[in-house]
Amino acid sequence: MPTTTHDQPPTRSGAPGSPAGHMDDADHTGHAGHVELRSAERLRELLGQPHQLVIDKVTQRLTQDDIDLLDRSPFCLLSTSDAQGNCDVSPKGDGPGFTHVLDETTLALPDRPGNRRADSFHNILENPHAGLLYLIPGSSDILRINGKARILTDAPFFDTMTVKGQRPALALLLDIEEIYRHCPASLRRAGLWQPETWTPSD
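Residues numbered from 1 in each chain as written. Predicted model: local features only at pLDDT ≥ 70, side-chain atom pairs only at ≥ 80, totals over all residues. Heavy atoms only, no water.

On to the packing of aromatic side chains, then. Counted by the stated rule, this structure contains one aromatic pair. Arranged with centres 5.6 Å apart and planes meeting at 55°, the rings of F157 and F158 form a pair that is tilted. Look at F157 and you get buried, because its relative accessible area is 12%. Between K57 and the ring centre of Y180, over which it is positioned, the NZ or CZ distance is 4.9 Å. (Phe/Tyr/Trp six-rings, centres within 6.5 Å; stacked < 30°, edge-to-face > 60°. Buried < 20%, exposed > 50% of the residue type's maximum accessible area, 1.4 Å probe, protein only. Lys NZ or Arg CZ within 6 Å of the ring centre and 35° of its normal.)

Note that soluble globular proteins tend to have their nonpolar side chains buried in a common cluster. Formed by 22 residues in total, the largest nonpolar core has its most connected members in L107, L132, Y134, I145, L172 and L174. Those elements giving two or more residues to this core turn out to be helix 3 (64-72), strand 3 (75-81), strand 6 (106-110), helix 4 (119-126), strand 7 (129-135), strand 8 (142-152) and strand 9 (171-181). By residue number, the principal contributor to this core is strand 9, which donates four residues. The contacts of Y134, once residues within four sequence positions are left out, are L69, L70, S73, F75, C76, T99, L107, L109, D141, I142, L143 and I145. By size, the runner-up hydrophobic cluster in this structure holds eight residues, among which are A108, L152, M161 and A171. (Core = buried A, V, L, I, M, F, W, Y, C linked by side-chain atoms within 4.5 Å. Helix = DSSP H or I, 4+ residues; strand = E, 2+ residues; numbered from the N terminus. Contact = heavy atoms within 4.5 Å.)

Below, the structure written as structure tokens:
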């Protein structure tokens, strides 16, 4: 993932300089009258520029506040893609603090028994880039961590990830490249932690 600079927003897929994102600047009207945005310049015209404080929030090392959040989080979403760019997002969870922090630039997720599809692991074998999004029920904290992943079959810290006598057979090791604390506006709009918005049958 490109390194974030302090004088412009992070460059993502589809931005100038990315071969995959090279398209005409004009919006394109396609099937059924859908108007498709095709350039980063047009995107910024519509959204405006992010505030410098938002850009400066991106870091490459975990702070103590980040580690405290990981210690409280029982749930995250793991985003991966294969060599062709086909994407997958998988839920991962266990007791609060299930993520093992090795140091300020490395963390590990234990693999717990599931459906055995291993979609994320298959993707990582082809493409090591991965993203994690951490949530804490009832909290407005949202932590995004991106980096390059490896799959471990053993390591000394596996013992610390043993739960109910089950030592994980695999773990995802993430070498951190980008850390970002998200604004909680999406949680507020969704009413995610407000019981009155939940379906009674849930």
